[in-house]
Amino acid sequence: MIWLIGHKGMLGREIARTLSDRNIAWLGTGRDVDITNMSALENFAASHDSSAGRTGLTASTKTVPGKITWVINCAGYTTVDKAETDHAAAKKCNEDGARNIARITRSIGARLIHISADYVFDGINRTEPYGDDDEKHPLNIYGKTKSDGEDAIKKTMAQYYILRTAWLYGFEGKNFVYTMTRAMNTQDMVRVVDDQTGSPTSASDVAAIVLKIILTAAAAHSLFGKNSAIPYGIYNCTSKGSVTWYGFAKKIYELGKKHRRIEHTCNVSPCTSADWPSPARRPAYSVLSVQKLESALKTKIPHWEESLEQFIKSERFNSETL
């Protein structure tokens, strides 16, 4: 059974849907179980893990007995600018919460998949994608707390997969694709920064990778006992390819027109980060290499343009739901 923490967030919802589609038992928690409170995590685990002598209920309304074998952590403090003045809250969630989750995962004998971010890197004077083991140097408080959360997990347990993702968008929740689609349908012009480069990443793709890790590890476990076919550690987990926010917006407009998500004529214009000042500095270049992940999973990760088109033309696409 899988314990999905942060199951009501954009990525959490996509992972929950992916697990349910494969009839994989899962239980979900959100703010109802405070990850910064170790006792709350212990009490939940004790009452929902059959290895503790109890049968549990999922947050998805199903009764699913069994031992918790995986914990997936999608929870986090994600308000990048607010973190600059709310350092304590960001630290409590992204670092202390991550440590607590690692502790409870280790104590129940499960494995952990933890979601991290590209903001652990600064992107200064960078032109080549970051490797999974490159030295970290965050520019802002959010990035520092995510980096510290990674370190806390590494110090707490051994059976973990830390997945760093970036520029995430999904069917349920606020994201850049929906924001641009709505703006392009109502405004004659939108201005988008053209001096920050990254890899737009579909939540569906990340959910598929999470599922593949679990299924591959389960197959290896059945053959080799506790050994895993996928080495534990940190993996960059984004779509392939890179683009600026402006280039991303241009592609959204092109595909939105093609698939009739955008009916209005809108001019997409470039600007600089200085034109849109914010409390938190953003990396100018935060492209992550996914070579290690592709090799470990023996799979091909899609290019961001391919995934974006699949997203925009999907029947699930609905930018008016927010």
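Computed from a prediction, not measured in an experiment: that's the story for all the values here.

A.B. asks: Describe the side chain of Thr18, and please don't skip the residues or the numbers.
C.D. replies: Along the chain, Thr18 falls in helix H1 (residues 10-21). The exposure class assigned to Thr18 is buried, which follows from its relative accessible area of 17%. With sequence-adjacent residues up to four places away left out, Thr18 is seen in contact with Ala207 and Leu211.

A.B. asks: How would you summarise the pairing of strand E2 (residues 26-29) if you had to cite specific residues and measurements?
C.D. replies: Residue alternation in E2 divides its side chains into two sets, Trp26 and Gly28 and Leu27 and Thr29, and both sets are buried. Viewed along the sheet, the connection from strand E1 (residues 2-5) through H1 into E2 turns out right-handed.

A.B. asks: Lay out the environment of Glu315 with the relevant residues and their values.
C.D. replies: Among the secondary structure elements, Glu315 is positioned in the segment after helix H9 (304-313). As for Glu315 and Phe171, which are separated by 144 residues in sequence, their C-alpha atoms are 10.0 Å apart.

A.B. asks: Describe the nonpolar core, naming the residues involved and giving the relevant values.
C.D. replies: Among the nonpolar cores identified, the biggest contains 34 residues, and Trp3, Val71, Leu112 and Ile153 are the most heavily contacted of them. Looking at this core, the elements with two or more residues in it are E1, helix H2 (38-48), helix H3 (87-107), strand E4 (111-117), helix H4 (141-156) and strand E5 (160-165). Tallying contributions element by element places H3 first for this core, with 6 residues. Ignoring sequence-local partners within four residues, the contact set of Leu112 consists of Val71, Asn73, Ile101, Ala102, Thr105, Ile153, Met157, Gln159, Tyr160 and Tyr161. With 32 residues, the next largest nonpolar core counts Ile15, Ala203, Tyr235 and Ile301 among its residues.

Definitions and limits used
- Residues numbered from 1 in each chain as written.
- Predicted model: local features only at pLDDT ≥ 70, side-chain atom pairs only at ≥ 80, totals over all residues.
- Heavy atoms only, no water.
- Helix = DSSP H or I, 4+ residues; strand = E, 2+ residues; numbered from the N terminus.
- Buried < 20%, exposed > 50% of the residue type's maximum accessible area, 1.4 Å probe, protein only.
- Contact = heavy atoms within 4.5 Å.
- Right-handed = clockwise from strand over helix to strand, strands pointing away.
- Core = buried A, V, L, I, M, F, W, Y, C linked by side-chain atoms within 4.5 Å.

Function cannot be read off these values alone, since they describe shape.
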